[in-house]
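Descriptive structure summary
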Amino acid sequence: MPVTKSAGGPQGAVDLKLDLRYPPKSAKRLHSKDSSFWDGHPSESPGLEKTTGITAFQTLVHLVKGNMGTGILGLPLAVKNAGILMGPLSLLAMGFIACHCMHILVKCARRFCHRLNKPFMDYGDTVLHGLEASPSAWLRSHAHWGRHIVSFFLIVTQLGFCCVYIVFLADNLKQVVEAVNGTTNNCHYNETVILTPTMDSRLYMLAFLPFLVLLVLIRNLRVLTVFSMLANISMLVSLIIITQYIAQVSAHHTPDPSSGQRLFSRYLPRASPEGRYVPDSPA
């Protein structure tokens, strides 16, 4: 119902009409923009800059490369130490928590991009704007610290990962070179007897440095897809070779079922010439 109010002043009366039944159009537009932010629909944000992202297959390649590395070789030992029951359950729980946190991070970044009309937002910007939208005044006033903390932990984490991978790569390449140059006495199974000494592992790390520097200079995910695909293929081939080697070793070292019986019979009591049973000597 419209309400009319007259206000007197030196310039004359002014009629103010307030329509209480229908909200103004500006409020509707604001509500529509805010609902589009919370719903996360890109079609409702016409002012957002259009960017060309990577495809779903390229994203999958990067995810596989980022989540699967040399640690997969130590995973059986970790499950063994954790227990046959708690090991797989803990692994599934940690994987679920990691995927859930990544989903929340991507969802928040996408919504802030639509709200602030930005084509891209990294981890630090997402935390910064998330703290600025917090109901706590202390968090809003210290929002810039969120970006610095996230950047610091990302640098520390990546440095730790890269150091481990560089050491792993250098040590394995050193072992391969020593085995290739070593002498063998069994050509069929290629059993190395004497390893040929080679240069120190730190020199191998130094040799890898130029290639690693050139690789980290690539910031385009589309270009990095080629290297991630090559890394995934190399890892798959390596796992196949390792599995084949384990199967061959297990087949050639199959224990004899009668060996346990012969070993146990050595400790059985035997009859003496006088008719008494005496324990057999373990020697």
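Procedures and definitions
- Position labels on residues start from 1 in each chain and follow its written sequence.
- In keeping with the predicted nature of the model, local features appear solely for residues at pLDDT of at least 70, side-chain atom pairs appear and are counted solely at 80 or more, and the whole-chain, interface and lining totals rest on all residues.
- To get the side-chain values, all heavy atoms of the structure are used, and hydrogens and water are removed first.
- What counts as a helix is a DSSP run of H or I of at least four residues, what counts as a strand is a run of E of at least two, and both are numbered from the N terminus.
- Note on classification: 1.4 Å probe, protein chains only; a residue is buried when its accessible area is under 20% of the maximum for its type, exposed when over 50%, partly exposed between these limits.
- Contact between two residues is taken to exist if any of their heavy atoms lie within 4.5 Å; hydrogens are not considered.
- Accessible surface area values rest on a Shrake-Rupley calculation with a 1.4 Å probe, where residue burial reflects the displayed protein chains alone.
- We define a salt bridge as a side-chain nitrogen of Lys or Arg found within 4 Å of a carboxyl oxygen belonging to Asp or Glu.
- Every residue carries a pLDDT, the predictor's confidence in it, which falls somewhere between 0 and 100.
- UniProt positions are given in the numbering used here, feature names are shortened, and annotations may be inferred rather than shown by experiment.
- Polar contact criterion, stated in full: a pair of N or O atoms within 3.5 Å, where within protein one must be able to donate a hydrogen and the other to accept it, and residues adjacent in sequence count only if both atoms are side-chain atoms.
- The axes are straight lines fitted to the C-alpha atoms, using for helices just the contacting stretch, and the angles between their N-to-C directions are given from 0 to 180°.
- Angle categories: roughly parallel below 35 degrees, roughly antiparallel above 145, roughly perpendicular from 65 to 115, and oblique for all the rest.
- Under the scheme applied here, ten amino acids are nonpolar (Ala, Val, Leu, Ile, Met, Phe, Trp, Tyr, Cys and Pro), four are charged (Asp, Glu, Lys and Arg), and all others, including Gly, are polar.
- Classification of ring pairs rests on two measures: the distance between centres of Phe, Tyr or Trp rings, Trp counted by its six-membered ring, which must be within 6.5 Å, and the angle between planes, read as stacked under 30 degrees, edge-to-face over 60 and tilted in between.

This paragraph deals with the overall build of the protein. Counting its regular elements, the protein contains 10 helices and six strands. For the protein, the proportion of its 283 residues judged to be buried stands at 12%. Residue pairs at least 24 apart in sequence account for 40% of intrachain contacts in the protein once pairs closer than 6 positions are excluded. When the accessible surface of the protein is summed, it comes to about 22,500 Å², and 68% of that surface belongs to carbon and sulfur atoms.

Mapping Ser 134 onto the fold places it in the loop between α5 (123-132) and α6 (137-141). Using a relative accessible area of 14% as the deciding quantity, one classes Ser 134 as buried.

Looking now at the environment of Val 177. Counting through the fold element by element, Val 177 comes out in helix α7 (residues 143-181). Accessibility expressed as a relative area gives 24% for Val 177, which makes it partly exposed. Along the backbone, Val 177 and Met 199 are 22 residues apart, and their C-alpha atoms lie at a distance of 9.7 Å. Apart from the residues within four sequence positions on either side, Val 177 is in contact with Thr 198 and Tyr 204.

The next point concerns the pattern of salt bridges. Counted by the stated rule, this structure contains two salt bridges. With its nearest N and O atoms 2.9 Å apart, the salt bridge here joins Asp 200 to Arg 202. A relative accessible area of 34% places Asp 200 in the partly exposed class.

Here Thr 126 is to be found in helix α5. Residue class for Thr 126 comes out buried when judged on its relative accessible area of 6%. Residues within four places of Thr 126 in sequence aside, it is in contact with Leu 105, Cys 108, Ala 109, Phe 112 and Met 121.

Attention shifts here to the confidence of the model for the protein. Averaged over all residues, the pLDDT of the protein is 75; the fraction at 70 or higher stands at 66%. Highest mean pLDDT in the protein belongs to helix α4 (residues 86-116) (91); lowest belongs to strand β2 (residues 14-19) (43). Low confidence marks residues 1-49, where pLDDT is under 50. Its contacts with residues over four positions away, or in another chain, come to 41 contacts.

Here the focus is the UniProt feature "transmembrane region" (unreviewed entry) in the protein. According to UniProt, the positions carrying the feature "transmembrane region" (unreviewed entry) are residues 84-106, 149-168, 201-218 and 225-247. The span residues 149-168 carries 100% helix and 0% strand; its end-to-end C-alpha distance comes to 29 Å. With 89% helix and 0% strand, residues 201-218 has end C-alpha atoms that lie 27 Å from one another.

Before going further, it helps to spend a moment on the environment of His 142. Topologically, His 142 is positioned in the loop between α6 and α7. Taking relative accessible area as the criterion, His 142 reaches 31% and is therefore assigned partly exposed. Taking the C-alpha atoms as reference points, His 142 and Leu 128, separated by 14 residues in sequence, lie 9.0 Å from one another. A polar contact of 2.9 Å, which involves the side chain of His 142, links it to the side chain of Ser 141.

It is the contact of α4 with α5, at a shortest axis distance of 10 Å, that shows an interaxial angle of 70°. As summarised for this structure, α4 and α5 are arranged roughly perpendicular, according to the angle between their axes. Taken together, the residues of α5 that come into contact with α4 (itself represented by Leu 105, Cys 108, Ala 109, Phe 112 and Leu 116) are Tyr 123, Thr 126, His 129 and Gly 130. The residue inventory of the contact of α4 with α5, partitioned by class, reads six nonpolar, three polar and no charged.

Let us look at the packing of aromatic side chains. Summed over the entire model, instances satisfying the criterion amount to one aromatic pair. Taking the centre distance of 5.5 Å and the plane angle of 70° together, the rings of Phe 152 and Phe 153 count as edge-to-face. Of the two residues examined, Phe 152 and Phe 153, each falls in the exposed class.

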